[in-house]
Amino acid sequence: MWEKVWNTDKIAYGGDYNPEQWPEETWEEDMRLLKLAHIDTLTLNVFSWASLQPAEDEYRFDKLDKIMELAENHNMNVCLATSTAAHPAWMAKKYPEVLRTDFNGIKRKFGARHNSCPNSPVYRKYSTRLAEKLAERYQKYSNIIGWHISNEYGGECYCENCEKAFRVWLKERYGTLDELNRVWNTAFWGHTFYDWDEIVLPDHRTEHFTENKTVAQTISIDYRRFNSDSILYCFQLEYEAVKKYTPDIPVTTNLMEGTYKALDYRKWGKYMDFISWDNYPSNSDSFRRIALNHELMRGAGNGKPFVLMEQTPSSQNWQPVNSLKRPGVMRLWSYQAVAHGADAVLFFQLKRSIGSCEKYHGAVIDHVGNENTRVFREVTELGAELETLGGEILGSTQKAQTALMFDWENWWAVEYSAGPSVDLKYTDEIMNYYKALHRRNIPVDLIGEESDLSGYKLVIAPVLYMTKPGVDERIREFVRNGGTFITTFFSGYVDENDLVIIGGYPGRLREILGIWVEEIDALPKDSSNSFRYGGKTYSAGMLCDIMHLEGARSLAEYQEDFYAASPVITCNSFGEGQAYYVGTRSEEAFYEKLMEDICKEQDICPVAETPLAVEATERRRDKERYLFLLNHGDKAEKVSVPQACTDLLSSKAYKEKEQLELAAKGVAILKWMEK
Ligand code: GLA
Ligand code: ZN
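Computed from a prediction, not measured in an experiment: that's the story for all the values here.

Undergrad: Would you mind showing me how to read helix α3 (residues 62-73) here?
TA: Think of an α-helix as turning once every 3.6 residues; residues three or four places apart then point the same way. The end-to-end C-alpha distance of α3, which contains 12 residues, comes to 16 Å, matching closely the 16 Å that a straight helix rising 1.5 Å per residue would cover. All of the buried residues in α3 are Leu64, Asp65, Ile67, Met68, Leu70 and Ala71. Note on α3: the residue one or two positions beyond its end, Asn75, has a positive phi of about 55 degrees.

Undergrad: Looking at this structure, I do not really get the site of ligand 1. What am I missing?
TA: As a structural note, the neighbourhood of ligand 1 is formed by Phe47, Arg113, Asn151, Glu152, Asn254, Asp278, Tyr280, Glu310, Trp318, Phe348, Glu358 and His361. Within the side chain of Arg113, an N or O atom sits 2.9 Å from an oxygen atom of ligand 1. Glu152 is positioned such that a nitrogen or oxygen atom in its side chain is 2.7 Å from an oxygen atom of ligand 1. In the complex, the protein chains occlude 97% of the 310 Å² of accessible area that ligand 1 would expose alone. Class assignment for the residues of the shell around ligand 1 results in 4 nonpolar, 3 polar and 5 charged.

Undergrad: Explain the sheet that holds strand β13 (residues 484-488) to me, please; I cannot follow it from the model alone.
TA: Hydrogen bonding along the main chain pairs the strands of a sheet, whether they run parallel or antiparallel. Taken in spatial order, the 7 strands of this open sheet run β11-β10-β12-β13-β19-β18-β17, and their pairing is mixed. Bordering the open sheet on either side are β11 (444-447) and β17 (553-557), each of which pairs with just one other strand. Between one strand axis and the next, the sheet turns by 20 degrees as a mean value, whatever way the strands run. Both strand β10 (residues 402-405) and β11 contribute to a ladder of 4 bridges, which runs parallel. If you follow Ala403 over to β11, its bridge partner there is Asp445. Relative to the sheet, helix α14 (residues 426-438) contacts β10, β11, β12 (458-461), β13 and β19 (577-582), its axis offset from that of β10 by approximately 170 degrees.

Undergrad: Please explain empty space enclosed by the protein as it appears in this structure.
TA: One water molecule sets the probe size; rolling that probe over the atoms shows where empty space is left. For the structure on display, the rule yields 4 cavities of 30 Å³ or more. Taken as a whole, the largest cavity holds about 120 Å³ of empty space. Taken together, 15 residues make up the lining of the largest cavity; nearest its centre are Arg100, Ser116, Tyr123, Ser150 and Tyr153. For the lining of the largest cavity, a count of residues per class yields 6 nonpolar, 7 polar and 2 charged. Within this model, the second largest cavity holds a volume of roughly 100 Å³. Surrounding the second largest cavity, 13 residues form its lining, His340, His438, Ile442, Pro443 and Thr617 being those nearest its centre. Contributing elements (two or more residues each) for the lining of the second largest cavity: α14 and β21 (614-621). With 3 residues, β21 is the single largest residue contributor to the lining of the second largest cavity. For the lining of the second largest cavity, the residue count by class is 6 nonpolar, 5 polar and 2 charged.

Undergrad: Please explain helix α11 (residues 329-339) as it appears in this structure.
TA: Among the 11 residues in α11, 10 count as buried, and that is most of the element. Restricting attention to buried positions, one finds in α11 the residues Val329, Met330, Leu332, Trp333, Ser334, Tyr335, Gln336, Ala337, Val338 and Ala339. Gly341 lies just past α11 and shows a positive phi near 125 degrees.

Undergrad: Please explain the coordination of the zinc ion (ligand 2) as it appears in this structure.
TA: Coordination angles at a metal have ideal targets, namely 109.5 degrees for four tetrahedral donors and 90 or 180 degrees for six octahedral donors. For the zinc ion (ligand 2), the full set of protein donor atoms is Cys117 (SG), Cys157 (SG), Cys159 (SG) and Cys162 (SG), and the range of their distances to it is 2.2 to 2.3 Å. Each of the 4 donor atoms bound to the zinc ion (ligand 2) contributes to angles spanning 100 to 118 degrees, and the resulting shape is tetrahedral. On the primary sequence, the residues serving as donors to the zinc ion (ligand 2) are separated as C-x39-C-x1-C-x2-C. Taken as a pair, Cys117 in the loop between α4 (89-94) and α5 (121-138) and Cys157 in the loop between β4 (144-148) and α6 (160-174) lie far apart in primary sequence, 40 residues in all. The exposure class assigned to Cys117 is buried, which follows from its relative accessible area of 0%. On the basis of relative accessible area, Cys157 is assigned to the buried category, the value being 0%.

Undergrad: Whenever I open this one, unusual backbone geometry confuses me. Can you help?
TA: Excluding glycine, residues mostly have negative phi values, and the peptide bonds linking residues are mostly trans. Here Phe348 and Gln349 are connected by a cis peptide whose omega angle stands at 10 degrees. With respect to the secondary-structure elements, Gln349 resides in the loop between β9 (342-347) and α12 (374-389). Omega for the peptide link from Tyr505 to Pro506 comes to 0 degrees, which places this bond in the cis form. In this model, Asn185 sits at a positive phi of 55 degrees, which is unusual for a non-glycine residue. Structurally, the position occupied by Asn185 is in the loop between α7 (177-183) and α8 (217-245). Not every positive phi belongs to a glycine, and Ala565 is a case in point at roughly 80 degrees.

Undergrad: Just to check I follow, could you spell out the side chain of Arg621 for this structure?
TA: Structurally, Arg621 can be placed in strand β21. Exposure remark for Arg621: the relative accessible area of 9% places this residue in the buried category.

Undergrad: I'm lost on the nonpolar core in this one. Help?
TA: As a rule of thumb, nonpolar side chains are buried together in soluble globular proteins. Counting 175 residues, the largest nonpolar core has Ile39, Leu42, Phe485 and Ile669 as the members making the most contacts within it. Each residue touching Ile39, except ones within four places of it in the same chain, is listed here: Tyr13, Gly14, Leu34, Met76, Leu350, Val364 and Val379. By size, the runner-up hydrophobic cluster in this structure holds 23 residues, among which are Cys159, Ala165, Leu201 and Tyr223.

Undergrad: Is there a simple way to explain the packing of helix α1 (residues 27-36) against α3 in this structure?
TA: To characterise two packed helices, one gives the angle between the axes of the helices and the distance between these axes. Between α1 and α3, the shortest axis-to-axis distance is 11 Å and the interhelical angle comes to 35 degrees. Note on packing geometry: the crossing formed by α1 with α3 is right-handed. In this structure, α1 uses Trp27, Glu28 and Met31 to contact α3, whose residues at the interface are Lys63, Lys66, Ile67 and Leu70. Residue composition of the contact of α1 with α3, grouped by class: 4 nonpolar, no polar and 3 charged.

Undergrad: How should the pattern of salt bridges be read in this particular structure?
TA: For side chains of opposite charge, pairing can occur when their charged atoms come near one another. Scanning all chains against the criterion turns up 49 salt bridges. Residue Lys94 pairs with Glu56 through a salt bridge whose shortest N-O separation is 2.3 Å. Linking Lys94 in helix α4 with Glu56 in the loop between α2 (49-52) and α3, this pair joins segments that are 38 residues apart in sequence. Between Glu409 and Lys468 there is a salt bridge; the shortest N-O distance is 3.1 Å. With a gap of 59 residues between them, Glu409 in helix α13 (residues 408-416) and Lys468 in the loop between β12 and α15 (471-480) connect regions that are remote in the sequence. No difference in accessibility class separates Glu409 from Lys468, as the two residues are buried. Counted as one network, the salt bridges with shared partners bring together Arg173, Asp222, Arg225, Asp407, Glu409 and Lys468.

Undergrad: Even after reading the chapter, I still don't get the packing of aromatic side chains, so can you show me in this structure?
TA: Each aromatic ring pair is summarised here by two numbers: the centre-to-centre distance and the angle between the ring planes. Within this structure, the stated rule accounts for 41 aromatic pairs. Their ring planes at 55 degrees and their centres at 5.4 Å tell us that Tyr153 and Trp268 sit as a pair that is tilted. With Tyr153 in the loop between β4 and α6 and Trp268 in helix α9 (residues 265-269), this residue pair connects regions lying 115 residues apart in the sequence. Take Tyr153: its relative accessible area is 9%, and that puts it in the buried class. Given the relative accessible area of 0%, Trp268 is considered buried. Ring centres of Phe590 and Tyr591 lie 5.5 Å apart, and the angle between their planes is 65 degrees; this geometry places the pair in the edge-to-face category. Across this residue pair, the class does not change: Phe590 and Tyr591 are buried. Three or more aromatic residues link up through ring pairs in this structure, and these residues are Phe103, Tyr158, Phe166, Trp169, Trp184, Phe193, Tyr223 and Phe226. Here the guanidinium or amino end of Lys133 rests over the ring plane of Tyr59, the centre of that ring lying 4.6 Å away. Across the ring face of Trp22, the terminal group of Lys351 is positioned such that the distance to the ring centre comes to 3.7 Å.

The rules we used
Residues numbered from 1 in each chain as written. Chains lettered and ligands numbered in written order. Predicted model: local features only at pLDDT ≥ 70, side-chain atom pairs only at ≥ 80, totals over all residues. Heavy atoms only, no water. Helix = DSSP H or I, 4+ residues; strand = E, 2+ residues; numbered from the N terminus. Expected span 1.5 Å × (residues − 1). Buried < 20%, exposed > 50% of the residue type's maximum accessible area, 1.4 Å probe, protein only. Near = heavy atom within 4 Å. Polar contact = N/O pair within 3.5 Å; in protein donor to acceptor, adjacent residues only side chain to side chain. Areas by Shrake-Rupley, 256 points an atom, 1.4 Å probe, with all protein chains shown as cover. Nonpolar A, V, L, I, M, F, W, Y, C, P; charged D, E, K, R; others polar. Pairing = 2+ DSSP bridges. Axes fitted to C-alpha atoms, helices over the stretch in contact; angles between N-to-C directions. Contact = heavy atoms within 4.5 Å. 1 Å grid on protein atoms, 1.4 Å probe; cavity = no way out; pocket = protein on both sides within 12 Å on 5 of 7 lines; lining within 4 Å. Points joined across faces, edges and corners; volume = space filled by probe spheres on them. Donors = N, O, S within 2.8 Å, 3.2 Å for Na, K, Ca; no water. Tetrahedral: all angles 85-135°; square planar, octahedral: opposite > 155°, others 65-115°. Core = buried A, V, L, I, M, F, W, Y, C linked by side-chain atoms within 4.5 Å. Left-handed = near helix turned anticlockwise from the far one by under 90°. Salt bridge = Lys/Arg side-chain N within 4 Å of Asp/Glu carboxyl O. Phe/Tyr/Trp six-rings, centres within 6.5 Å; stacked < 30°, edge-to-face > 60°. Lys NZ or Arg CZ within 6 Å of the ring centre and 35° of its normal.

Written out as structure tokens, the structure is:
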């Protein structure tokens, strides 16, 4: 079954529009320009709390009323925001509890945005009330296609409200202090708690040396869980508030890039009607990294289509150096989002502000105020294309035989760990495997530890350090039934409480992998070991496991140091399947080779064979197949089309195996019907 994100008959096109920052006389001209650019969707009311509620008991909607009318008169869809990402100054003055306290214990004053304490009763009361009032007032508008709660939730707070709420959260999780003392391992360094009120938040004044280094990992991980839940609860309150009046309008909040660490986006995804996110790569980011972010976001939404809520049409303002997107790149990256599951392409921002920090952030309507700019022309061309595409693609999804595990709690645990190496970065290890699959155009689902594995042929869980309850059983079942599993060094060490699973590494995975890891050596950046695999020598670095075979066979051995000749890559036959262990960090060529071998062996096929600069993904809906070809390179490339098909963008028909030429930064969307 497939479903569309939004009730539109084409890929929604538009973005953040802030007419409240401009005199009303300018609005009609804006509409003329936006229509010219084929824009049909406005994200409205993202930062208007102070004007909507000028005082505690006063609400004013006259301006927003006019803006909503404007949108309706011009047949624009509206993605309506609730404005709760920046509280009004009067609120901060009257109720200082809405202000956050930072990691160093400094109580903030009014200013900036994303500045409210998530556990402030006053913030929760007034943000929810505003959301409810907006839904009540604007429910009559049939052009509202989605709710946009707050904006880019994130950050932390270490205030007294949060501290009190943390104790309540802990009581719910652990029940008794005895249990809390056990899982927090408080016998270490005399931390035993005898009263819930003795518990304080882990910050720079308490358990932390720095933001990432803590004495008490379990306490810090629990704080991260609690903080993510606290902010999620603010979202849920507003979600319920708007649903009272508009039960059928889907609700979202715009997430930050896929690898935003502070919030457990997989957990958030369960409470959002659909995922939307903001894509702000810099020009030097690899397109494979952008692809990973899209996949993480698609994964957070359980594979369903999502909305690209923000991207800049040209430049950002917050990077140290804000280069322009080169001609064609905005179009290419827009289609890349669609290729990975986006059903909407939206910008931040439709019009440049004249003051404050975003006046030099790219926009569809520039300060010159007319249609005669390169950016406007590119936006218009893409708008025309999306109009021609119409309802094609909408609601279609990807199908993957390969899954990559990415788990936020595991990420927190890995990077809080004191030892074995500060160079171990979870996302880098994920990327090593993702990249090797992506360059082969193998579709990959990003899944969590809790996910069902049964539909996959291959599951890869790099650095599965924290094995949460049930994950080992699911992996065991999966391999027993014929699946191929790969994991790496620093896996299986701890349980969900960051307590070591005693009896030998990799803990609960030991039997599945058929190995025992006795020691782990950390190598400085400039030194390495090596091993031979498939007739070639590859580097081993950062971490090197020293292990014993317990049923697994060795596929490669170290060549140097006192553990030379001991296994580094192993494979264990378990039930009907295979479990691989990669005991070190290697180099790109190795990951490519390993993926090549395993995909061949397991008959996992790419969606298309392409030159390296050309990314290929596939979306499916019933019998319809959409193959996206995206040339990220600077020169034209040729691709042999896998099926007789039509390019939806050029309307050109191709025969099977015919050569298709893609210009630099060019895109093709090939459609055929499955027989
Ligand atoms: C974020 C925010 C927007 C805007 C852009 C600028 O994504 O959600 O309000 O500030 O950044 O890049
Ligand atoms: Zn707080």
